Each structure stands twice: as C-alpha cells, then as structure tokens.
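# Results of the structural survey
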Amino acid sequence: MKFGTKAIHAGVHPDPATGAIMTPIYQTSTYVQTSPGQNKGYEYSRTHNPTRTQLQDALAALDNGRQGLAFASGMAAIDCVMKLLKPGDEVVCTDDLYGGSYRLFTKVYAPYGINFQFVPMHDMAAVEAAVTERTKLIWVETPSNPLLNIIDIAAAAAVAKKAGALLAVDNTFSTPYLQTPLELGADIVVYSLTKYMGGHSDVVMGALVMDNEELADQLAFYQNSCGGTPGPQDCFLVLRGLKTLHVRMQRHCENGRRVAEYLQQHPKVGKVYWPGLSTHPNRAIAAKQMRDFGGMVSFVLKGDEQADAIAVLEKLQLFTLAESLGGVESLSGHPATMTHASIPAEQRRKSGLSDSLIRLSVGIEDIEDLLADLKQAIG
Ligand SMILES: Cc1ncc(COP(=O)(O)O)c(C=O)c1O
C-alpha cells in the first residue's frame, strides 16, 4: 500500500459493535468481565483502550514497523525509552536536540547514574569515539531541533549494532512521510505526536514505534507500569490528523522550500538552516534518507544581534510567536528563550545555537501571504 492510502486506512477498521467508519472514542476506564479474567481483550484503559489500539496500529503501519505505543506526550514517550537503562549505562546523543529531551537526560536521568555524552553527530567519527562498552543507547534527532542538522541514520545504526547498543531516532520533524528510520536500521522511532502527526495544534501526545516484539513488550510493560498513557479523545484527534498527513506534509515541504529560498536571497539575512538548500553541509545525506526536506526553517539575521531577532519576531503576524511546531498554521519562535531555554547558554553556544536564531514552523497557508509577512517583518 502506498503512503497516502496507508495514512487513511492502515490499522483502522470499522467499529465491530456498530460498523462506525470512524474510530469511536471509547471513553471508558474499565470493561465488563463475564467471569473473573474473562473479557474481550480489554480490562482497564491504562493498559489497553480500543481507540488507542487503532492509533497504535496506524502508527506502526506508517513507519513500516510492527508495534506502536502511544503516550500522553512526546516527553512521556522519551521517558519510557530511558526506563530501559540502568545505573552505569551510557547514552551517546546528539548535541543539538530538543531542550526538553536535554533537560530530561541531564536533570532527571543523570542523577540516577546514567551517563550522557553529547556529541556533534553529523560527524560520525565523533559518535564512534564516544562509544564505550557501557554504551546502551544512541539517541539521534534528525533533522535536529532547531539547527536542522542531518545525522546519517544508517551510519548511526551501524555504530550502534557494532556496540551492541539500541538506536532511537526522534522522527518528530520528519514524520514517516519523509523518513522511516526502522528501514535504515533504527530500533525505536520516537514521536512528539503534538507536532506534524496530530497536525492541528490541538493535542499533546507522543509515541514509539518498533519492529521487535521483545523490545516492544518491554516498552509496553513500562508504558502500563508507569502509566503515561493518553486519553481516548486525544487518540481520536491524532487518528483524524494522520488521515491528511501526506497532503499536509507535501505542502509543508513546498512552503518550507519557498521560505528558505526567500530568506537565503534576502540582503538582511545571514545564515539559513534548511536541509534542502545546496549550502547545507549534509544535504546529500538528507537527500539519501529523506523523501523531501520538511517545513522547519531556522535563520539568523546579518549582525547576529538578539535584539534584531526579537524585533522581527514581534513584527511577524501570520507566523504567530508561540512554542511548538508542525501545525497547519505557521509559527515562529526564539529557541534561546523559548523551546531551548532549558539548555545552559554555554552548551547552546557549543552546539552552534546562536541567541539570535529564529525558528519558523512553516504552515500550509498560501505561500504569497507567508512571504509577504516575512518581508514586512524583516524589512
Ligand atoms: C523534536 C522533539 N521531540 C520531542 C518533543 C517533546 O514532545 P511533547 O511536547 O509532545 O512532550 C518535542 C517538543 O517540542 C520536540 O520538538
């Protein structure tokens, strides 16, 4: 089945009780048992819920995996992966990643004796050099948030395999429409469903997708034991969002390209970060592992002054200044004070994140209006 057909149909079946085409919202915490232990496969909604089951099956199908697990947020999904680790284990992760992931790793799990090494992963030699016999997990985010660095997933998978470590890929920026990490050798695909997968900025959720029963069973055990599961209404909203994922992503990519090209030729703009630009250092790897280049674009103004960046952000109108990304509407953000404020300034500078960087989530509005908004704000 092709991607667009899968986005609409995969994992989803008419409701067995009523024939409803759209998955019902099973708003129930518990299920009848005809005799103790005798049930229809559902006993308590933290463990299983039919709306969530259909979403999990749809997510697995889109990533060409076999198991999907849904969570109450992207962070709850990432937290579940961390539960696989024990004190003394090491994680090698990209130095340019979502601030909340950095905070979870360094403030929550490092105190439990898990050691995190942050390395510039676009240089695979740096990854190999960081791996030790204690490395149990390699953590990749590609394209990365917010610098749109590209990491070679197949090469990272080879390093992980050699080290006997798992490879997890945060695929939030790409979605399975653009990139399917399991096919490149990853063990776990991680999502904030809050972004492109839900697509309408109306839900906070996360997911993991695997193609390994034993690993999936272990993660499902933590999902149920720790309880960070989503409610059925949120699962329904993401199921609805997925049905248009391919159409939305196509337009996000088209608009992303036009915005990146516009910014690149603008006399007041300095560096533009978008993996499809010929100037992007890892464009060839992006072209190899992605089907298009996405709708996230970051840039700095010439002079690299934070005050100038803030003035532009205050003037933008269609690109609403707000946290988050991946919805149908365009958003703008200032990572240094918003999404990445939890990363210490020194670490931000080390990974190349300037305090004047502006991050755009390019929506699916008419491109002429988006370019006009950038023009009036940048001048
Ligand atoms: C790349 C990435 N991963 C994970 C997350 C966390 O997801 P959530 O906000 O749904 O918990 C985010 C949130 O912005 C993100 O951008």
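Because the structure is a prediction, the values reported are computed rather than measured.

Rules of the game
- Residues numbered from 1 in each chain as written.
- Predicted model: local features only at pLDDT ≥ 70, side-chain atom pairs only at ≥ 80, totals over all residues.
- Heavy atoms only, no water.
- Domains from an automatic or database assignment.
- Contact = heavy atoms within 4.5 Å.
- Buried area = accessible area lost by both parts, 1.4 Å probe.
- Salt bridge = Lys/Arg side-chain N within 4 Å of Asp/Glu carboxyl O.
- Polar contact = N/O pair within 3.5 Å; in protein donor to acceptor, adjacent residues only side chain to side chain.
- Nonpolar A, V, L, I, M, F, W, Y, C, P; charged D, E, K, R; others polar.
- Helix = DSSP H or I, 4+ residues; strand = E, 2+ residues; numbered from the N terminus.
- Pairing = 2+ DSSP bridges.
- Buried < 20%, exposed > 50% of the residue type's maximum accessible area, 1.4 Å probe, protein only.
- pLDDT = per-residue confidence, 0-100.
- Arc of directions from axis to C-beta.
- Near = heavy atom within 4 Å.
- Areas by Shrake-Rupley, 256 points an atom, 1.4 Å probe, with all protein chains shown as cover.
- Axes fitted to C-alpha atoms, helices over the stretch in contact; angles between N-to-C directions.
- Core = buried A, V, L, I, M, F, W, Y, C linked by side-chain atoms within 4.5 Å.

### What to know about the domain arrangement of the protein chain
Domain assignment breaks the protein chain into domain 1 (3-242) and domain 2 (245-378). If you average the C-alpha positions of domain 1 and of domain 2, the two centres end up 25 Å apart. Each side of the interface is counted separately: domain 1 has 45 residues, and domain 2 has 43 residues. Here domain 1 packs against domain 2, burying approximately 3,500 Å² in sum over the two surfaces, 60% of which is carbon and sulfur. Connecting domain 1 to domain 2 are one salt bridge. Across the pair aspartate 152 and lysine 288 runs a salt bridge, and its minimum N-O distance is 3.1 Å. Our count for the contact surface shared by domain 1 and domain 2 stands at 21 residue pairs in polar contact (both at pLDDT 80 or more). Looking at side-chain class alone, the side of domain 1 that touches domain 2 contains 24 nonpolar, 17 polar and four charged residues.

### Some points on the environment of methionine 121
By the secondary structure assignment, methionine 121 is in the loop between β3 (115-119) and α5 (124-130). In this structure, the C-alpha to C-alpha distance between methionine 121 and methionine 249, residues 128 residues apart in sequence, is 26 Å. When residues no more than four places from it in sequence are discounted, the contact partners of methionine 121 are Val92, Cys93, Thr94, Val127, Ile138, Trp139, Val140 and Ile151.

### Thoughts on the sheet that holds strand β12 (residues 358-361)
Taking strand neighbours across the sheet as the criterion, the five strands line up as β8-β9-β12-β11-β10 in an open arrangement whose pairing is mixed. Across the chains shown, the open sheet's two edge strands, defined by having one partner strand only, are β8 (269-273) and β10 (320-321).

### Considering helix α9 (residues 232-242)
Within the sequence span of α9, burial applies to Pro232, Cys235, Leu237, Val238, Leu239, Gly241 and Leu242. Residues of α9 that are buried make contact with α1 (3-9), α2 (50-62) and α10 (245-265).

### Comments concerning the confidence of the model for the protein chain
This prediction gives the protein chain a mean pLDDT of 96; 100% of its residues lie at or above 70. Mean pLDDT in the protein chain bottoms out at helix α13 (residues 345-350), which sits at 86, and peaks at strand β7 (residues 206-210), which reaches 99.

### Some remarks on helix α6 (residues 153-163)
Within the span of α6, buried status applies to Ile153, Ala156, Ala157, Val159 and Ala160. Seen along its axis, α6 keeps its buried residues to an arc of 165°; they face one direction. In this structure, α6 carries Lys161 and Lys162 as exposed residues pointing more than 90 degrees from its buried face. Tucked inside the fold, the buried residues of α6 contact α5, β4 (135-141), β5 (166-170) and α11 (283-289). Capping of α6 at its N-terminal end is provided by aspartate 152; its side-chain oxygen lies 3.3 Å from the backbone amide nitrogen of alanine 154.

### Considering the pattern of salt bridges
With the rule as written, the count across this model stands at eight salt bridges. For aspartate 211, the salt bridge is made with arginine 66, and the minimal N-O distance between the two is 2.6 Å. Taken as a pair, aspartate 211 in the loop between β7 and α8 (213-226) and arginine 66 in the loop between α2 and β1 (67-71) lie far apart in primary sequence, 145 residues in all. The exposure class of arginine 66 is exposed, given its relative accessible area of 54%. One network of salt bridges, in which partners are shared, links Arg257, Glu261 and Asp292.

### Some details on the site of the ligand
Close to the ligand lie 13 residues, the nearest being Gly74, Met75, Asp170, Ser192 and Thr194. Between the ligand and glycine 74, the relevant distance is 2.9 Å, taken from an oxygen atom to a main-chain nitrogen or oxygen of the residue. Side-chain polar atom of serine 192 to an oxygen atom of the ligand: 2.8 Å apart, as the coordinates give it. Burial of the ligand by the protein amounts to 92% of the accessible area it has alone, namely 390 Å². Per-element tally for the shell around the ligand: the top contributor is helix α3 (residues 74-82), with three residues.

### Examining the sheet that holds strand β2 (residues 90-94)
With mixed pairing, seven strands are arranged side by side in an open sheet as β1-β7-β6-β5-β4-β2-β3. Two strands bound the open sheet, and with one partner strand each, they are β1 and β3. For this sheet, the mean angle separating the axes of adjacent strands, direction not counted, is 20°. The pairing of β5 with strand β6 (residues 188-192) spans three bridges and is classified as parallel. Each residue of the ladder has a partner; that of valine 169, found in β6, is valine 189. α2 rests against β1 and β7 of the sheet, and its axis sits at about 125° to β1.

### Digging into the nonpolar core
Leu55, Val259, Leu263 and Leu360 are the most contacted members of the largest nonpolar core, which has 68 residues in total. Lining this core are residues from two domains, each supplying at least three of them: domain 1 (3-242) and domain 2 (245-378). By size, the runner-up hydrophobic cluster in this structure holds 31 residues, among which are Leu84, Leu104, Ile114 and Val190.

### Comments concerning the side chain of serine 330
With respect to the helices and strands, serine 330 occurs in the loop between β10 and β11 (331-333). Judged by its relative accessible area of 0%, serine 330 is buried. Only 2.7 Å separates the side chain of serine 330 from the backbone nitrogen of glycine 363, close enough to count as a polar contact. With sequence-adjacent residues up to four places away left out, serine 330 is seen in contact with Leu318, Phe319, Thr320, Ser361, Val362, Gly363, Glu365 and Leu370.

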